Each structure stands twice: as structure tokens, then as C-alpha cells.
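Coordinate inspection notes
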Amino acid sequence: MICRDKMVLIQLGRRPAARYSFLPVASIPKGKRMHVNGQDTTADHERFMRRAILLAKIAHSRNNTPVGSVVVLDGEVVSEGIENLPAGSSVTGHAEVLACQMAVDKTGKSLLERARLYTTAEPCFMCSYVIRQCEIALVVYGLETPIVGGITSSLPVLTDTSISGWKPPPGVLGGILREECRQLRAAGHQ
């Protein structure tokens, strides 16, 4: 299971302002902890997040925002996304969108209900919509983006259970390799 110093994001209530909170894993009842495909270890999360960090560094080297994402299915990386903005020509060039689209293309399935998405930054509103539509099972991110984030902002598109006609939101795990992801963001602002 995830070590005690990691933080996990779980749903706590129905009011938007107090809907989510970071809690130490040890304080979360076992039934509320995230289990997907029987692989829920810190080592797994860190291994895939390190790949996302490498992709984010590639994005930064191309003068783009340093964000990288990978989609994992049955313990294997099936797709990767490297942020393609602002240098790219596509307004949807976010790493998470690109990784999800590649996963759909590679698997031939538009629903990725057994997949995990690892990303260095909390998915924005647009990326959160794509993740919800693909029915990704678990989103693991490194660093919060509270102004436009689909989890920690005032518009939690990724985790909102009250959106009519949408399937349940994915599990969410935040703060994996947070310091490395924070350093990437800081490098992107220089």
C-alpha cells in the first residue's frame, strides 16, 4: 500500500467548497483507498510518474509548458503525452489529452475504464473532461493547479459527482513526487 507520508485525495462531502481534502493515507478507511487492477503500490506510482517527469522535461526543452503524461493499462504504458503548448499549433495540445487520444488510438477503444493516467500537473478543465469521457479509472498527479485544475479549483470537473448524465468520476491520487513536479513548474516559469 501507499506509504504514510504520501497524500491521497478522496471525496468527503457534497458541498463544493469542502468537497475534497488531502488526508494522510493512514487515516483513510481501507474501503476508501484506491485499488485498480490490484496494483496499488508507491513503487508503481513513482515509476510511472518518473516517466511522466521525463516527458515533461522533453516538453520544457521544446519551449513548452513542462507537463508530461502516461496512460497505463494492465501495468504497461500504452501511451504518452508531451505538452505541446505554447510552441505547438494545436489549442488542445495538453499532455493529458494527447496521452488519452493515443491510448484510444492504440487500443481501439474509446472507453479506458481499467486505465490509469499519470501526469505531472493536476489536469485542467479541458483535460478533466477528456479523462471523464474516456472513463479513466485512476488519475495520479504530482502537483496541484488550483486556479484551473479539475480537482482543486472551484470547478472540480474531474471529481464532481453531480454532473447529470456522467458516469462516476475516477479515483484520484495527488502529490506523487510533488517536489520533483514543483521543480519542473518552477523551471518552466524561468
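Heads up: the structure comes first, above all this text.
This section reports on the structure supplied with the text. (Residues numbered from 1 in each chain as written. Predicted model: local features only at pLDDT ≥ 70, side-chain atom pairs only at ≥ 80, totals over all residues. Heavy atoms only, no water.)

**Focus: the environment of Ile147**
Under the convention used in this document: Strands here are runs of E lasting at least two residues and helices are runs of H or I lasting at least four, both read from the DSSP assignment and numbered beginning at the N terminus. Any two residues whose heavy atoms approach within 4.5 Å are treated as being in contact.
With respect to the secondary-structure elements, Ile147 resides in the loop between strand 6 (138–143) and strand 7 (171–174). Separated by 23 residues in sequence, Ile147 and Cys124 have C-alpha atoms that sit 8.8 Å apart. Contact partners of Ile147, with chain neighbours within four places excluded, come to Phe125 and Ser153.

**Points about the pairing of strand 5 (residues 116–121)**
The side chains of a regular strand alternate, first on one face of the sheet and then on the other. Applied cut-off: Buried, partly exposed and exposed residues are distinguished by accessible area as a fraction of the type maximum, computed with a 1.4 Å probe on protein chains only: under 20%, between the cut-offs, and over 50%, respectively. Strand pairing requires that DSSP identify at least two bridges connecting the strands.
A large share of strand 5 lies buried, amounting to 6 of its 6 residues. Here strand 3 (residues 68–73) pairs with strand 5 via 4 bridges, running antiparallel. Residue pairing across strands places Ser69 opposite Thr119, the latter belonging to strand 5. Of the pairings in the sheet, the one linking strand 5 to strand 6 comprises 5 bridges and is parallel in character.

**Brief notes about the pattern of salt bridges**
When the charged atoms of two side chains with opposite charge come close together, those side chains can pair. Keep this limit in mind: Here, a salt bridge means any Lys or Arg side-chain nitrogen found within 4 Å of an Asp or Glu carboxyl oxygen.
One pass over the structure, following the stated rule, counts 7 salt bridges. Residues Asp44 and Arg47 are paired through a salt bridge, measuring 3.7 Å at the closest nitrogen-oxygen approach. Here Asp44 pairs with Arg47, and both are found in helix 1 (residues 42–61), just 3 residues apart, close to one helical turn. Between Asp74 and Arg114 there is a salt bridge, with its nearest N and O atoms 2.5 Å apart. Separated by 40 residues along the polypeptide, Asp74 in the loop between strand 3 and strand 4 (76–82) and Arg114 in the loop between helix 2 (95–107) and strand 5 bring together distant segments of the chain.

**Considering the nonpolar core**
Nonpolar side chains in soluble globular proteins tend to be buried together. Convention followed: Grouping buried Ala, Val, Leu, Ile, Met, Phe, Trp, Tyr and Cys residues that are joined through side-chain atoms within 4.5 Å yields what is termed a nonpolar core.
Within the largest apolar cluster, 18 residues are counted, with the highest numbers of intra-cluster contacts made by Val71, Leu112, Leu117, Ile131 and Ile136. Going through the elements one at a time, strand 3, helix 2, helix 3 (125–134) and strand 6 are the ones with two or more residues in this core. If sequence neighbours within four positions are ignored, Leu112 has contacts with Cys100, Ala103, Val104, Thr107, Cys134, Glu135, Ile136 and Ala137. Counting residues in each nonpolar core, the second largest holds 17 residues, with Leu55, Val140, Leu143 and Leu173 among its members.

**Section: unusual backbone geometry**
Glycine aside, residues mostly have negative phi, and peptide bonds are mostly found in the trans state. Here the amide bond leading from Leu85 into Pro86 is cis, since omega sits at 5°, within 30 degrees of zero. Relative to the elements of secondary structure, Pro86 occurs in the loop between strand 4 and helix 2. One non-glycine residue, Asn63, lies in positive phi territory at about 65°. With respect to the helices and strands, the residue Asn63 is situated in the loop between helix 1 and strand 3.

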